[in-house]
Amino acid sequence: MTAQFKYVSGHIEVFSAAGEFLFSADTMQEAWEDYRAEMSA
């Protein structure tokens, strides 16, 4: 799955390739780690 990472109002929002909101994180590193964890689950 491909994700879109967007910086919005001081945090990172992560969306699926189809534009569905997945989750938000405080930093890009946290967003990437959470995304990788979710994809390996």
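Residues numbered from 1 in each chain as written. Predicted model: local features only at pLDDT ≥ 70, side-chain atom pairs only at ≥ 80, totals over all residues. Heavy atoms only, no water.

## A closer look at the environment of Val8
By the element assignment, Val8 lies in strand 1 (residues 3–8). Among the residues examined, Val8 registers a relative accessible area of 30% and is labelled partly exposed. Between the alpha carbons of Val8 and Phe21 there is a distance of 13 Å; along the sequence they are 13 residues apart. (Helix = DSSP H or I, 4+ residues; strand = E, 2+ residues; numbered from the N terminus. Buried < 20%, exposed > 50% of the residue type's maximum accessible area, 1.4 Å probe, protein only.)

## Focus on the side chain of Ser16
Here Ser16 is to be found in strand 2 (residues 11–16). Owing to a relative accessible area of 6%, Ser16 belongs among the buried residues under this scheme. With sequence-adjacent residues up to four places away left out, Ser16 is seen in contact with Met1, Thr2, Gln4 and Leu22. (Contact = heavy atoms within 4.5 Å.)

## A word on the confidence of the model for the protein
A residue-level look at the protein finds 100% of positions with pLDDT of 70 or above and a mean pLDDT of 94. Here helix 1 (residues 28–40) stands out as the element of the protein with the lowest mean pLDDT, 94, in contrast to strand 2, whose mean of 97 is the highest. (pLDDT = per-residue confidence, 0-100.)

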